[in-house]
Amino acid sequence: MPTDTKKARRRRRLLARVLAPLLLALALLPVPGIGPGAGTAEAVSVCQGRPARTITFATGELRLYRTRHYACAVTVAKRPGARRPMAVSLQPRGGRPAVSSGRFDRQAGPVTVHALNRCVRAGGSVSGQGTTTGWILC
């Protein structure tokens, strides 16, 4: 048997010894969306922090989240479907508003502002109907 084929076989065996345990370990890693709780209707939030307030209106809801340093807002349509005009805005007291607007099918945002020790004002709309808040999360 030529030496070239022996070397090729040794390389393949060595590669198989190294790759087999690695592939087995990767196969055993947990995969998001599989397992208990994967089929729940509640979507995972796109904002960091804890839910601070949810304000509902006729065509959707404005969801506000808060961490120690930041505030985040998302406008979610009550009935996702065709693209329609949606907007969300979040303004820290003494700062400029962060705005996300356009034609979306499910949600507008997220928008995040630095709000350490500050109140924020939020607003959201879906298809021209919406809500705004006063200074909240103080």
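No experiment lies behind these values; they were computed from the predicted model shown.

The rules behind these values
- Per chain, the residues get numbers from 1 upward, laid out in the order the sequence is written.
- Reporting in this predicted model follows two pLDDT cut-offs: at least 70 for local features of residues, and 80 or more for side-chain atom pairs to be given and counted; totals over whole chains, interfaces and linings ignore these cut-offs and use all residues.
- The side-chain values count all of the structure's non-hydrogen atoms but skip hydrogen atoms and water molecules.
- Put simply, DSSP marks the helices as runs of H or I at least four residues long and the strands as runs of E at least two long, and each gets a number from the N terminus on.
- Relative accessibility decides the category of a residue: with a 1.4 Å probe and only protein chains considered, values under 20% of the type maximum give buried, values over 50% give exposed, and everything between is partly exposed.
- The contact criterion used throughout is that any non-hydrogen atoms of two residues lie within 4.5 Å.
- Method for areas: the Shrake-Rupley scheme with a 1.4 Å probe, in which residue coverage is limited to the protein chains shown.
- What counts as a disulfide here is a pair of cysteine sulfur atoms lying within 2.5 Å.

Quick notes on the overall build of the chain
Logical step 1: Looking only at helices and strands, the chain features one helix and eight strands.
Logical step 2: The helix and strand sequence of the chain, counted from the amino end, reads α-β-β-β-β-β-β-β-β.
Logical step 3: Here the chain holds 138 residues, and 28% of them are scored as buried.
Logical step 4: Counted over contacts in the chain with a minimum sequence separation of 6, partners at least 24 positions apart contribute 45%.
Logical step 5: Counting only carbon and sulfur atoms, one obtains 56% of the accessible surface of the chain, whose full area is about 9,500 Å².

Notes on the state of the cysteines
Logical step 1: Counted under the stated rule, the structure contains two disulfides.
Logical step 2: Residue C47 pairs covalently with C72 via a disulfide, S to S 1.9 Å. Because the torsion about its S-S bond is -55 degrees, the bridge between C47 and C72 counts as left-handed. Taken together, the residues C47 in the loop between α1 (3–27) and β1 (50–57) and C72 in strand β3 (residues 70–77) connect sequence positions 25 residues apart. In this pair, the class of C47 matches that of C72, namely buried.
Logical step 3: Across the disulfide, C119 is cross-linked to C138 (sulfur-sulfur distance 1.9 Å). Between C119 and C138 the disulfide shows an S-S torsion of about 125 degrees. By sign, it is right-handed. Here C138 lies in the segment after β8 (129–132) and C119 lies in the loop between β6 (107–114) and β7 (120–126), a separation of 19 residues in the sequence.
Logical step 4: Each disulfide of the chain joins two cysteines, and with those cysteines numbered along the sequence the arrangement is 1-2, 3-4.

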